[in-house]
Amino acid sequence: MEIIMKRLTVNEVIELVRAKIDEIGWNESVMVDTDNDDKDLDTIIRSCIMDAYRFIIINADVSLLEGKQYNNEMTCFSIDDNLIGHLVLPDDFFRGITARLSSWQSSSDEIINENTSEYRMQSDPYACGTFQHPVVALIHTRRGRELEFYKAKTIQDKLESFIYVPVLNLTMPQLNIDIPDQLSEAFIYYVAGLTLTAFRDELSASLFSIAKQLMGIE
């Protein structure tokens, strides 16, 4: 399925969140109707965008996500004598979508963590991942965050593909927020929920619930 991306500016997100808050009949008596308070609401909405983006991207099914291709294999990818692949992650890595070595019979679209029982299984030569049933793990080393690939078929294997979602950088000028179209409505609801949380409004719970339902996780 082709992923259709929606591009929103911060100002467009603010407008959409304001419209969503108006739709639910939010009681604006918590704010004085002045120009300054109007700007304060915009500031609060803006401050919630990053957290909402993190929640949506981390919790969405990987099949709904779109990312960018990693293109620095020569300096950051290696295979050790145990045929385990190692990739130093880029600084802007946020969530992995899919990874594959050249010998693998299929891609891996799940990344396990180093503190799980599944990761401990990778130390067992009979239970660890193979080129026929691959496993990718995220670990922390002195070099920073790395991916481990279990396992290559030969030491000559290459990193065929690694696609990931980059970190959203709100400090960039002319920022565009790219989010899968199927998740854009959930994203707006979640920003609205976080915004009302700042005012301790109980309606925020309903907005969070709607966002999760739109994502298919509630």
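## A few points about the overall build of the chain
A count of helices and strands for the chain gives 6 helices and 10 strands. The buried share among the 218 residues of the chain stands at 44%. The contacts in the chain between residues at least 6 apart in sequence include a share of 74% that link residues at least 24 apart. Accessible surface, the chain as shown: approximately 12,500 Å² in total, 47% of it carbon and sulfur. Averaged over its 19 positive side-chain charges, the chain has a centre that lies 6 Å from the centre of its 35 negative ones.

## A word on the sheet that holds strand E9 (residues 159-166)
Read from one edge to the other, the open sheet built from 3 strands follows the order E2-E9-E5, with strand pairing classed as antiparallel. Here the strands that pair on one side only, and so sit at the sheet edges, are strand E2 (68-69) and strand E5 (93-101). Two strands pair when backbone bridges link them, and E5 and E9 are joined in this way by 7 bridges, in the antiparallel orientation. Its bridge partner lying in E9, Leu101 is registered against Leu159.

## Let's talk about the sheet that holds strand E6 (residues 111-113)
In a beta sheet, neighbouring strands are held together by backbone hydrogen bonds and run either parallel or antiparallel to one another. Taken together, the 5 strands give an open sheet; going across it, the order is E3-E4-E8-E7-E6, and neighbouring strands pair in mixed fashion. The sheet terminates laterally at strand E3 (77-79) and E6, the two strands that pair on one side only. For this sheet the average axis-to-axis angle between neighbouring strands, irrespective of direction, equals 30°. Of the pairings in the sheet, the one linking strand E4 (residues 85-88) to strand E8 (residues 144-150) comprises 4 bridges and is antiparallel in character. Bridging from a neighbouring strand, Gly85 pairs with Phe149 of E8.

## Description of the nonpolar core
Formed by 41 residues in total, the largest nonpolar core has its most connected members in Ile56, Ile177 and Phe187. Those elements giving two or more residues to this core turn out to be helix H1 (10-23), helix H2 (35-59), E5, strand E10 (176-180), helix H5 (181-197) and helix H6 (203-215). Here Ile56 is in contact with Ile179, Leu183, Ala186, Phe187, Tyr190 and Met215, once residues within four sequence places are set aside. Counting residues in each nonpolar core, the second largest holds 19 residues, with Leu87, Val88, Leu89 and Tyr164 among its members.

## Considering H5
Counted at 1.5 Å a residue, the expected span for H5 with its 17 residues is 24 Å, and the 25 Å between its end C-alpha atoms agrees. Of all the 17 residues making up H5, 13 are buried; the element is thus mostly covered by neighbouring parts of the structure.

## A short note on the side chain of Gln122
As for its position among the elements, Gln122 is in the loop between helix H4 (117-120) and strand E7 (135-141). Residue class for Gln122 comes out buried when judged on its relative accessible area of 7%. A polar side-chain atom of Gln122 sits 2.9 Å from the main-chain carbonyl oxygen of Glu118. Separated by 2.8 Å, the side chain of Gln122 and the backbone nitrogen of Gly129 make a polar contact. Those residues within four positions of Gln122 in sequence are excluded, and the remaining contacts are Ile112, Cys128, Gly129, Val135 and Tyr150.

Rules behind the numbers
Residues numbered from 1 in each chain as written. Predicted model: local features only at pLDDT ≥ 70, side-chain atom pairs only at ≥ 80, totals over all residues. Heavy atoms only, no water. Helix = DSSP H or I, 4+ residues; strand = E, 2+ residues; numbered from the N terminus. Buried < 20%, exposed > 50% of the residue type's maximum accessible area, 1.4 Å probe, protein only. Contact = heavy atoms within 4.5 Å. Areas by Shrake-Rupley, 256 points an atom, 1.4 Å probe, with all protein chains shown as cover. Lys, Arg positive; Asp, Glu negative; His and termini not counted. Charge placed at Lys NZ, Arg CZ, Asp CG, Glu CD. Pairing = 2+ DSSP bridges. Axes fitted to C-alpha atoms, helices over the stretch in contact; angles between N-to-C directions. Core = buried A, V, L, I, M, F, W, Y, C linked by side-chain atoms within 4.5 Å. Expected span 1.5 Å × (residues − 1). Polar contact = N/O pair within 3.5 Å; in protein donor to acceptor, adjacent residues only side chain to side chain.

Nothing here speaks to function; it is geometry throughout.
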